[in-house]
Amino acid sequence: MRKVKLPGGENVPVLGLGTWFLGESSSKFEQEVSAVRYALERGIRLIDTAEMYANGGAEEVVGAAIKDLDLIKREEIFIVSKVLPNNAHFEGVIQACNRSLRRLGVASIGLYLLHWRGSVPLQETLHAFQVLQSSGKIRNFGVSNFDSRDMEEWYKCEGGGALATNQILYNLSRRGPEWDIIPLCKTRGVPVMAYSPLEQGRLHNFPVLAQLAARHGVTPLQVALAWVLAQENVVVIPKAVKHQHIDQNIAALEITLKAEDYDLLDAAFPPPSGPSQLEIL
Ligand code: NAP
């Protein structure tokens, strides 16, 4: 699978698996563990999760899915997790990370993000990230839902240059970041991580996607995913529990959109013509 390089040098695959809403119901636990395992069997090596999702329940699903893998294979899996803004003070970050490591059953998290900006000074959170990195508990750190001004502030902090990503809402119907955040990330050599790339399934109903899906012999949501995957320097993390959806999302890596496809998509989902507030889900 195609990879992008994080500023720290580690290469990560452009397609991962999201886990929001996993772990919320014990009756679905086994089905969700099996979905994560299936994704791993099919070659997915990046999993996005967060302490927020089901209050740690999603991390437990991921932990259960990777528990029986041998050590070498487990180390191949790149886990992204996030600390809540309420826990973003120094001690809170350290403790939240320790809880996440326990639930995930791993010694180290590949990429640890501040889920969104709260009231704790960025320098304090960053300092905790540095301490976690020095002790090997996290390998890279970054932010999520930061607009370009937040990012600039982060960069002004001591050690802020080590930012590994900004995870943001980005899909065909949410192109605002193309105006400022994505160019800023490009200048800084930081990959963008696109969350809700399918707009949680809502992109399904757009006629232009049905038209292009028929042209390529795929589904409308595969076209939507192929469009995000085709963006340079972007990691995409669709969430899917249904095995068929996991298969379709992996197959979207093989879809090559043509210039005329992009024109149709740009007409239906115009790129931004000015700055806008960063949208959040
Ligand atoms: P999404 O990935 O855009 O959409 C997920 C929904 O689409 C699920 O209902 C899934 O169904 C369905 N789906 C997946 N693949 C499909 C396919 N090929 N065809 C039809 N339906 C398909 O939405 P998301 O979960 O909000 O975003 C993805 C991940 O990004 C999250 O899970 C989370 O890890 C991360 N995220 C981060 C933030 C943040 O603040 N940093 C915010 C939101 C999301 P099934 O599950 O039934 O298969």
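The following refers to the structure shown.

Rules behind the numbers
Residues numbered from 1 in each chain as written. Predicted model: local features only at pLDDT ≥ 70, side-chain atom pairs only at ≥ 80, totals over all residues. Heavy atoms only, no water. Near = heavy atom within 4 Å. Polar contact = N/O pair within 3.5 Å; in protein donor to acceptor, adjacent residues only side chain to side chain. Areas by Shrake-Rupley, 256 points an atom, 1.4 Å probe, with all protein chains shown as cover. Helix = DSSP H or I, 4+ residues; strand = E, 2+ residues; numbered from the N terminus. Nonpolar A, V, L, I, M, F, W, Y, C, P; charged D, E, K, R; others polar. Buried < 20%, exposed > 50% of the residue type's maximum accessible area, 1.4 Å probe, protein only. Pairing = 2+ DSSP bridges. Right-handed = clockwise from strand over helix to strand, strands pointing away. Phe/Tyr/Trp six-rings, centres within 6.5 Å; stacked < 30°, edge-to-face > 60°. Lys NZ or Arg CZ within 6 Å of the ring centre and 35° of its normal. Arc of directions from axis to C-beta. Contact = heavy atoms within 4.5 Å. Core = buried A, V, L, I, M, F, W, Y, C linked by side-chain atoms within 4.5 Å.

1. A closer look at the site of the ligand
Item 1. The local shell around the ligand holds 27 residues, among which Asp48, Ser196, Gln200, Lys239 and His245 are the closest.
Item 2. Ser144 has a polar side-chain atom sitting 2.8 Å from a nitrogen atom of the ligand.
Item 3. Within the backbone of Pro197, an N or O atom sits 3.4 Å from an oxygen atom of the ligand.
Item 4. For the ligand, the accessible surface in isolation is 900 Å², of which the surrounding protein chains cover 90%.
Item 5. When residues of the shell around the ligand are assigned to their parent elements, the largest contribution, three residues, is made by helix H10 (residues 243–251).
Item 6. Along the lines of polarity and charge, the residues of the shell around the ligand split into ten nonpolar, twelve polar and five charged.

2. Regarding the pairing of strand E7 (residues 138–144)
Item 1. Taking burial as the measure, the seven residues of E7 include six buried ones, the bulk of the element.
Item 2. In this structure, strand E6 (residues 109–114) lies alongside E7, joined through five bridges in parallel fashion. Within E7, the residue paired with Leu111 across the bridge is Asn140.
Item 3. What joins E6 to E7 is helix H5 (residues 122–134), and the crossover it makes is right-handed.
Item 4. Looking at chain direction, E7 and strand E8 (residues 163–169) are connected through three bridges and run parallel. Bridge pairing in E8 links Ser144 to Gln167.
Item 5. Tracing the backbone out of E7, into helix H6 (residues 148–156) and back to the parallel element E8 gives a crossover that is right-handed.

3. Details of the sheet that holds E6
Item 1. Pairing within the open sheet is parallel, and its eight strands lie in the order E3-E4-E5-E6-E7-E8-E9-E10. For this open sheet the edge positions go to strand E3 (17–18) and strand E10 (234–236), each flanked by a neighbour on one side alone.
Item 2. Pairing of E8 with strand E9 (residues 192–195) involves four bridges; the strand directions are parallel. Within the sheet, the bridge partner assigned to Gln167 lies in E9 and is Met193.

4. Observations regarding the pairing of E9
Item 1. The two faces of E9 match: Val192 and Ala194 on one face and Met193 and Tyr195 on the other face are all buried.
Item 2. On the question of chirality, the crossover connecting E8 to the parallel E9 by way of helix H7 (residues 181–188) is right-handed.
Item 3. Note that E9 and E10 share three bridges and pair parallel. When the bridges of E10 are listed, Val192 appears paired with Val234.

5. A few points about the packing of aromatic side chains
Any two aromatic rings considered together are summarised by their centre-to-centre distance and by the angle between their planes.
Item 1. Applying the stated criterion across every chain, the model contains eight aromatic pairs.
Item 2. Judged by centre distance (4.5 Å) and plane angle (15°), the rings of Trp20 and Phe21 are stacked.
Item 3. What makes Trp20 partly exposed here is its relative accessible area of 25%.
Item 4. Judged by relative accessible area, which is 40%, Phe21 ranks as partly exposed.
Item 5. Between the aromatic rings of Phe206 and Phe269, the centroid separation amounts to 4.9 Å while the plane-to-plane angle is 55°, which identifies the pairing as tilted. Here Phe269 lies in the segment after helix H11 (259–268) and Phe206 lies in the loop between E9 and helix H8 (207–216), a separation of 63 residues in the sequence.
Item 6. Grouped by ring-pair contacts, the aromatic residues Tyr112, Phe129, Phe141, Phe146 and Trp154 constitute a single cluster.
Item 7. Lying across the ring of Tyr155, Arg188 places its NZ or CZ 3.7 Å from the centre.

6. A closer look at H7
Item 1. Restricting attention to buried positions, one finds in H7 the residues Ile181, Ile182, Leu184 and Cys185. One side of H7 holds all its buried residues, which, seen down the axis, span an arc of 160°. Exposed positions of H7 whose direction lies more than 90 degrees from the buried face are Lys186 and Thr187.
Item 2. Next to the buried residues of H7 lie H6, E8 and E9.
Item 3. Note on H7: the residue one or two positions beyond its end, Gly189, has a positive phi of about 70°.

7. Details of the nonpolar core
Item 1. With 99 residues, the main nonpolar core has Tyr112, Phe129, Trp154, Leu209 and Leu265 as its most contacted residues.
Item 2. Take this core: its biggest share by element is eight residues, from helix H9 (residues 220–229).
Item 3. Those residues in contact with Leu265 that lie beyond four places of it in its chain are Leu172, Arg175, Val208, Leu209, Leu212, Trp227 and Leu257.

8. A look at the environment of His216
Item 1. Mapped onto the secondary structure, His216 falls in helix H8.
Item 2. Not counting the four nearest positions on each side in its chain, His216 is found in contact with Ile255, Thr256, Leu257 and Asp261.

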